[in-house]
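# Close look at the chain arrangement
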Amino acid sequence: MKVMKFGGTSVGSVKSILNVKQIIEGVKEPIVVVVSALDGITDQLILTSKLAAQGDYTYEKEYNQMVSRHIEMVEAVITDTTTRNNVLKEVVSILDELGNIYKGVFLIQDLSFKTSDIIVSYGERLSSLIVNNMIKGSKLYDAREFIKTEKQSEKHIVDFGTTNKLIQSQFKEMPKVAIVPGFISSNVTSGEVSNLGRGGSDYTASIIAAALNASILEIWTDVDGFMTADPKVISNAYVIEEMTYIEAMELCNFGAKAIYPPTIFPAYHHNIPIQLKNTFNPDAPGTHIAKEKKSTGKAIIGISSIDDTCLITVQGLGMVGVIGVNYRIFKALTKASISVFMVSQASSENTTSFAVKNADADLAVDVLKKEFALELAQGELNDIKAEKDLATLAIVGENMKRTPGIAGKLFGTLGRSGISVIACAQGASETNISFVIKKEDLRKALNSIHDSFFLADYQVLNVFLAGTGTVGGDLLSQIKQQQPLLLAQNSLKFRVVGIADIDSVIFDRKGIELENYQETLRTKGQPTTPEFLRDEILKMNIFNSVFVDCTASPQIAALYEDFLSHNISVVAANKIAASSAYDNYLNLKEIARKKGIKYLFETNVGAGLPIINTMNALINSGDKILKLQAVLSGTLNFIFNTISAEIPLSKAILMAQEAGFSEPDPRIDLSGTDVIRKLVILSREAGYRVEQADVIKNLFIPDKYFQGSLKDFWKTIPEMNAEFEAKRKKLETEGKKYRFVAEMDNGSCKVGLQEVDRSHPFYELEGSNNIIMITTERYNEYPMIIKGYGAGASVTAAGVFADIISIANIR
């Protein structure tokens, strides 16, 4: 035989209770069916009690709603007229009893524990009566006759010796279907009504299954099984197919609501497997809980959390070496009926911290202050305080005890996400690591841990993008194109959660649909400023996130420090920050290093060319960079390669702008500012302290052309055409070309126009290509050369994309 328990949601509506009927009638072997009250009824019974005790007439409204609901349920699910009429009489009679009790509570305006226990028993009494009369050949049992409890403090504890004997006696002759109300019980001595606590119907079913040595205990609810994490927080959480009793107990104790925690013990003690099933999806396999399980290769199987946590700390040097301090702490809490769900103690014995619910915090502090009044007065203990509004998380898995490095990985993951652990605990069994954090960090912690331990089928990378111009727009197109491939081949879910242009921004932590992001920005975008953008991103507090800057804005670059300080990696196509004051550059890199995140700007120089990464690899391997020689402006190289007898200087500049090679204001390129920034960045990455002001400039266009407006520039620049044409002809006859070269030699930097002949590596540089020669201690006689496309939205966007992907650390 087997025991089946159906929860409140399973019997909460006409449709669901008919599902229950179909499931029960499909079972061939004898079964015991334990049912909860109709969904929400227990809460309504308690609420109505409180209203009546307060002398509030609205209790009658609540009571009448419960009457109507039960009568409507009977009329809907029991089809036989005679049976329906008989059941209605019984239901009305029971509800009249309940109504009289409420009247008494209302009149005396007092609600004792005894009366409260009687009132809450009516939910299961009514639901079991309805289910019994819905199933042909079933027999209704009264759980109060065989589930016996003893009172300890204000709680009812099962008397297993008596209970087991009574169950075996009651079910000596098993009907095909036995219906039992869950939750309710009676005192072993007085016979007064008691209960097994909220969620106690699970416990009832487990007690019966253990006493009768059932083949299996099935818990039918409204979820497909135990989930790896709360699916309301973790979108990619999934059902755990198998787990051990110990794993189930650990998850239940720390907030997983699939099963009432005490349910596990009777089944575990008698080695009865538990199957968690979904009434609304009965074909789903659910979760199987047993003594052993098949190995999945994963160290942890799930994450559970309690968002209602207060941490109380008893601290003082007077605790060191004193025997019995913890005994006194927990004895005082036990007398006050305060439950503790996590304990953490320093090895020096001078600190003991424990977690309780926020509602118990003030009482806990009061009783401890009374218990340790003498020690507090003498200064042996510090003031006992409660830190409220925290959250407790637990990672659970029996395989942890065979896997080194789990705790290191856990705390490393939290650290990289900028989450501080306030207290932690791990037992010697190594099946659970519990820790306390700020409640505001709970969502981020759950997501980052779930992702880090590969509980999901894929890893999530959350991207905020600033700038939707040529580079930003191309980047979004590339991301859209690659999203399915990255998910399929690399198990990486690339989620763009924020997009900002010059004056509006959109956010969606579930991911923005990139097909129509321009339209969404236009119609649903919020007005934005750099400060608003920063504040909203930090407020979202999303795990594993990257801020991508495809602007040329100093104001956006100024936000990097805040993002990095909050453990948000930064990928920048914007050169301003990396070429700003050296101390600022160094500070950003240092923050990223300390936080264990990334500040990447490969595309600051050479677009998508692997220049900075290559230099870093050389230095990290012990080489020293001595000299850099480079053509770093795709714009200027395009201009010098385009000038001809037919195309004068001014037209070549215009063509560079139209092709997207130059900045919107080409004077930035022509003035050498862009090249200087790039040279400064490379010199710093090579290990030299360089400021922009240190770079010697040898420019080829007089300063007067950089004065005034951009319109003035376009009007006057043709004046240079004749001079440049004459120079071009002379170079052509000499077999030479112009190149705007950036050089760094042992920290000394300069930029300027140089003539190169056919023997020079820079001579054959075509179009907008870039080239760099890196001279090092190892690559001395023959410098390393990197050459390729150095400008253009597409290659720059691809370089940014590559930086983002590197942050994901694809497995």
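Now for a look at the structure at hand. (Residues numbered from 1 in each chain as written. Predicted model: local features only at pLDDT ≥ 70, side-chain atom pairs only at ≥ 80, totals over all residues. Heavy atoms only, no water.)

### Thoughts on the sheet that holds strand β7 (residues 184-187)
Strand order in the open sheet formed by four strands is β5-β4-β7-β8, with mixed pairing between adjacent strands. Of all strands in the sheet, those bounded by a partner on one side alone are β5 (155-158) and β8 (193-195). Averaged over all neighbouring strand pairs, the angle between strand axes comes to 55 degrees, with direction disregarded. Taken together, the two bridges between strand β4 (residues 148-152) and β7 define a ladder with parallel strand orientation. (Pairing = 2+ DSSP bridges. Helix = DSSP H or I, 4+ residues; strand = E, 2+ residues; numbered from the N terminus. Axes fitted to C-alpha atoms, helices over the stretch in contact; angles between N-to-C directions.)

### Observations regarding the side chain of S650
Structurally, S650 can be placed in helix α24 (residues 649-658). Judged by relative accessible area, which is 13%, S650 ranks as buried. The contact partners of S650, leaving out residues within four places of it in the chain, are W714, I717, P718 and N721. (Buried < 20%, exposed > 50% of the residue type's maximum accessible area, 1.4 Å probe, protein only. Contact = heavy atoms within 4.5 Å.)

### Comments concerning empty space enclosed by the protein
Overall, the coordinates contain two cavities of 30 Å³ or more when judged by the stated rule. One number sums up the size of the largest cavity: a volume of about 60 Å³. Along its surface, the largest cavity is lined by K444, F464, I537, L538, N541, I542, S545, H566 and I568. For the lining of the largest cavity, the per-class residue count stands at five nonpolar, three polar and one charged. Looking at the second largest cavity, its volume works out to about 50 Å³. (1 Å grid on protein atoms, 1.4 Å probe; cavity = no way out; pocket = protein on both sides within 12 Å on 5 of 7 lines; lining within 4 Å. Points joined across faces, edges and corners; volume = space filled by probe spheres on them. Nonpolar A, V, L, I, M, F, W, Y, C, P; charged D, E, K, R; others polar.)

### Focus on the nonpolar core
Grouped together as the largest cluster of nonpolar side chains are 84 residues, with contacts concentrated most on F547 and Y599. Leave out the neighbours within four places in its chain, and F547 touches F464, A466, L533, I537, I556, Y560, F563, I568, S569, V570 and V571. In terms of nonpolar packing, the next biggest core, distinct from the first, is built from 55 residues, I147, V158, A178 and I219 among them. (Core = buried A, V, L, I, M, F, W, Y, C linked by side-chain atoms within 4.5 Å.)

### A look at the packing of aromatic side chains
Aromatic ring pairs are described here by two measures, namely the spacing of the ring centres and the angle between the planes. Taken as a whole, this structure holds 26 aromatic pairs when the rule is applied. Seen from their ring centres, F700 and F724 are 5.8 Å apart, and the 70 degrees between their planes marks the pair as edge-to-face. Separated by 24 residues along the polypeptide, F700 in the loop between β27 (696-698) and α27 (710-716) and F724 in helix α28 (residues 721-734) bring together distant segments of the chain. In this structure F700 comes out as buried when scored by relative accessible area, which is 9%. One aromatic cluster is present, formed by Y57, Y59, Y63, Y102 and F106 through successive ring pairs. For the cation-ring pair, R125 lies above Y122, with the distance from its terminal atom to the ring centre recorded as 4.5 Å. Lying across the ring of Y763, K737 places its NZ or CZ 4.7 Å from the centre. (Phe/Tyr/Trp six-rings, centres within 6.5 Å; stacked < 30°, edge-to-face > 60°. Lys NZ or Arg CZ within 6 Å of the ring centre and 35° of its normal.)

### A look at the packing of helix α3 (residues 59-77) against helix α4 (residues 81-108)
Interaxial distance between α3 and α4 falls to 10 Å at its minimum, and their mutual angle equals 170 degrees. By the criterion of interaxial angle, the relationship of α3 to α4 is roughly antiparallel. Judged by residue contacts, Y59, Y63, M66, V67, H70, I71, V74 and E75 of α3 engage R84, V87, L88, V91, V92, L95, D96, L98, G99, Y102, K103 and F106 from α4. Taken together, the residues that form the contact of α3 with α4 break down as 14 nonpolar, two polar and four charged. (Parallel < 35°, antiparallel > 145°, perpendicular 65-115°, else oblique.)

### Let's talk about the pairing of strand β12 (residues 287-290)
The pairing of strand β10 (residues 242-244) with β12 spans three bridges and is parallel. Bridge pairing in β12 places E242 opposite H288. Where strand β11 (residues 274-278) and β12 come together, three bridges link them in antiparallel fashion. What sits directly across from I274, in β12, is I289.

### Describing the layout of surface pockets
Roughly 1,100 Å³ of internal volume is contained in the second largest pocket. Forming the boundary of the second largest pocket are 46 residues, of which V471, C550, T551, A552 and E663 lie nearest the centre. Mapped by element, the contributors of at least two residues to the lining of the second largest pocket are α16 (470-490), α18 (530-540), α23 (634-642), α25 (667-670), α26 (673-685) and α29 (793-808). Considered class by class, the residues forming the lining of the second largest pocket number 18 nonpolar, 21 polar and seven charged.

### Looking at the sheet that holds strand β15 (residues 351-356)
In spatial order, the strands read β14-β15-β13-β16-β18-β17; together these six strands make up an open sheet with antiparallel pairing. The open sheet is flanked by β14 (342-345) and β17 (423-426), the only strands paired with a single partner. Recorded for the sheet is a direction-independent mean angle of 30 degrees between the axes of neighbouring strands. Relative to strand β16 (residues 385-396), strand β13 (residues 302-315) runs antiparallel, the two being bridged by nine bridges. Among the inter-strand pairings, T313 is bridged to a residue of β16, identified as K385. Seen against the sheet, helix α11 (residues 325-335) touches β13, β14 and β15 and runs at an angle of roughly 20 degrees to β15. Across the sheet, helix α14 (residues 406-416) is in contact with β16, β17 and β18 (432-438); its angle to β18 comes to roughly 15 degrees.

### Some thoughts on unusual backbone geometry
Peptide bonds are, in most cases, trans, and in most cases residues other than glycine have a negative phi. Of note in this structure, Q109 is not a glycine but carries a positive phi near 50 degrees. If you trace the backbone, Q109 turns up in the loop between α4 and α5 (113-120). Take Q109: its relative accessible area is 48%, and that puts it in the partly exposed class. The phi dihedral of N541 is positive, around 50 degrees, even though this residue is not glycine. Structurally, N541 can be placed in the loop between α18 and β23 (545-549).

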